[in-house]
Amino acid sequence: MPTKTIRSKADLAINGAPPAFDEPLHVGRPNIGDRAAFLQRVNQILDNQWLTNNGPMVQEFEQRIADYLGVKHCVAMCNGTIALEIAIRAVGLEGEVIVPSWTFVATAHALYWQGITPVFADIDPATHNLDPAAVHRMITPRTSGIIGVHVWGRAAPIDELQAIADEHGLKLMFDAAHAFGSTYKGQTIGRFGACEVLSFHATKSFTTFEGGAVVTNNDQLAEKMRLMRNFGFHGYDNVVHPGTNGKMIEVCAAMGLTNLDDHADVIAINIRNHAAYTNALSGIPGISVLVYDSTERNSHHYVVVEVDSSCSVTRNQIVAALQAENVLARKYFWPGAHGMKPYSDIFPHAKLLLKNTEFVADQVVILPSGVAVTVDDIATIGAIIKQTVEC
Ligand SMILES: *Cc1c(COP(=O)(O)O)cnc(C)c1O
């Protein structure tokens, strides 16, 4: 068992040693594109005086996203969670829906918020994605569907999940919040299942401040979601469907259009950073960086480090050591959705069926990446981890 004591923030204060970084280095610092181009678009919006309600920026944004992903429809929304909620309703999920617990809690909340029970299935510890056999085990007569999540931008086992859905007459959709621009067997994420849901939150690799979208090749589904995101309005005065307010505003679309122009550069920096971390952490006993499949595209936005039981210190000690040096590493998605309210009350014994989720949740550290992080920063972070493990 790891027993070492790592210097804590309190020790630092006592010793008076300054942290390695003057400014905190956060996970999920925004990747902001060309500021002048963005401000020019904002001026255009103000000149147009068309601020929201399917304005020209949103229309252009939807077209560019659809083209980029090679899908027929992009329905832009105010955020990824509302996009999930609307997609869940439009697809017609009800009763119980199988999801991973190893995801951001919004996947489960979007169901629960609508009176649907999220049922958690375990993951494959090698990929962190849903294990199809575990999904199969969680099917009951109340199950209406499955929401797969492409965790860390790596595609879920789509073909296997589709086969289970087909066999049992279940609906299948995907939370693709991490997977903008990722591929599955060489095909861009966005076309799979009934629909796929994107998030453009500030912490994601591609941002519109807040924002999200549902992408699909299904004409009827896209039409239904367009109605639902705007109170069910079809033209003026004519409400033909129940709905909510899920609209993306023009300023967000302007941010998206700007960042889309720079997205390839962001990915290149993330790939460079990921390789630098792999290099900086190689050879440290018990520490490894989660590897992405080199034959698929992945934004490499998430640098996922696993601290296994052979390491001389625990995951929590490493996080504490990094935080003491102003590196604000995170334990995403610890403890897993099943360990959060209300799910820990509804399913007090869920952990018994989620062995791999529990195992992974205790191992993972997410390190800062994105355009704000340099190769020098990564060398320093590597040195902190090395010292923590080897001291
Ligand atoms: C970020 C995220 C969401 C929610 O998206 P928001 O735009 O923040 O509402 C949903 N699912 C996953 C897996 C996410 O990472």
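Located above this text is the structure these notes cover.
What this report covers is the structure whose coordinates are included nearby. Remember, predicted model here, so these are calculated numbers, not experimental data. (Residues numbered from 1 in each chain as written. Predicted model: local features only at pLDDT ≥ 70, side-chain atom pairs only at ≥ 80, totals over all residues. Heavy atoms only, no water.)

## Here we look at the site of the ligand
Here is step 1 of the chain: Gly-80, Thr-81, Asp-175, Ser-199 and Lys-204 are the nearest of the 14 residues found near the ligand.
Here is step 2 of the chain: Side-chain polar atom of His-178 to an oxygen atom of the ligand: 2.9 Å apart, as the coordinates give it.
Here is step 3 of the chain: Lys-204 is positioned with one of its side-chain polar atoms (N or O) 3.2 Å from an oxygen atom of the ligand.
Here is step 4 of the chain: Surface burial for the ligand is 93%, taken as the share of its 380 Å² of free accessible area covered by protein chains.
Here is step 5 of the chain: Class assignment for the residues of the shell around the ligand results in three nonpolar, nine polar and two charged. (Near = heavy atom within 4 Å. Polar contact = N/O pair within 3.5 Å; in protein donor to acceptor, adjacent residues only side chain to side chain. Areas by Shrake-Rupley, 256 points an atom, 1.4 Å probe, with all protein chains shown as cover. Nonpolar A, V, L, I, M, F, W, Y, C, P; charged D, E, K, R; others polar.)

## Structural notes on a nonpolar patch on the surface
Here is step 1 of the chain: Residues Phe-231, Phe-233 and Val-239 make up a contiguous nonpolar surface patch of about 260 Å² in total accessible area.
Here is step 2 of the chain: Following the sequence through the fold, Val-239 ends up in the loop between helix H8 (219-228) and helix H9 (250-281). (Patch = residues over 30% accessible without salt bridge, like charges linked within 9 Å, V, L, I, M, F, W, Y side chains within 5 Å. Salt bridge = Lys/Arg side-chain N within 4 Å of Asp/Glu carboxyl O. Helix = DSSP H or I, 4+ residues; strand = E, 2+ residues; numbered from the N terminus.)

## Some details on the pairing of strand S6 (residues 171-175)
Here is step 1 of the chain: In terms of burial, S6 is largely enclosed, as four of its five residues are buried.
Here is step 2 of the chain: With five bridges connecting them, strand S5 (residues 143-149) and S6 associate as parallel partners. Within S6, the residue paired with Gly-148 across the bridge is Phe-174.
Here is step 3 of the chain: The β-α-β motif built from S5, the intervening helix H7 (residues 158-168) and the parallel element S6 has right-handed crossover chirality. (Buried < 20%, exposed > 50% of the residue type's maximum accessible area, 1.4 Å probe, protein only. Pairing = 2+ DSSP bridges. Right-handed = clockwise from strand over helix to strand, strands pointing away.)

## Focus on the sheet that holds strand S12 (residues 303-307)
Here is step 1 of the chain: Strand order in the open sheet made by the three strands is S11-S12-S14, with antiparallel pairing throughout. Looking at which strands have only one partner, the edges of the open sheet turn out to be strand S11 (287-289) and strand S14 (364-367). Between one strand and the next, the sheet's axes are offset by a mean angle of 30 degrees, whatever the strand orientation.
Here is step 2 of the chain: The pairing of S11 with S12 spans three bridges and is antiparallel. Its bridge partner lying in S12, Ser-288 is registered against Glu-306. (Axes fitted to C-alpha atoms, helices over the stretch in contact; angles between N-to-C directions.)

## Things to note about the nonpolar core
Here is step 1 of the chain: With 47 residues, the main nonpolar core has Phe-61, Ile-65, Leu-198 and Phe-200 as its most contacted residues.
Here is step 2 of the chain: Not counting chain neighbours up to four residues away, the residues in contact with Phe-61 comprise Ala-76, Phe-200, Phe-206, Thr-208, Met-248, Ala-253, Gly-256 and Leu-257. (Core = buried A, V, L, I, M, F, W, Y, C linked by side-chain atoms within 4.5 Å. Contact = heavy atoms within 4.5 Å.)

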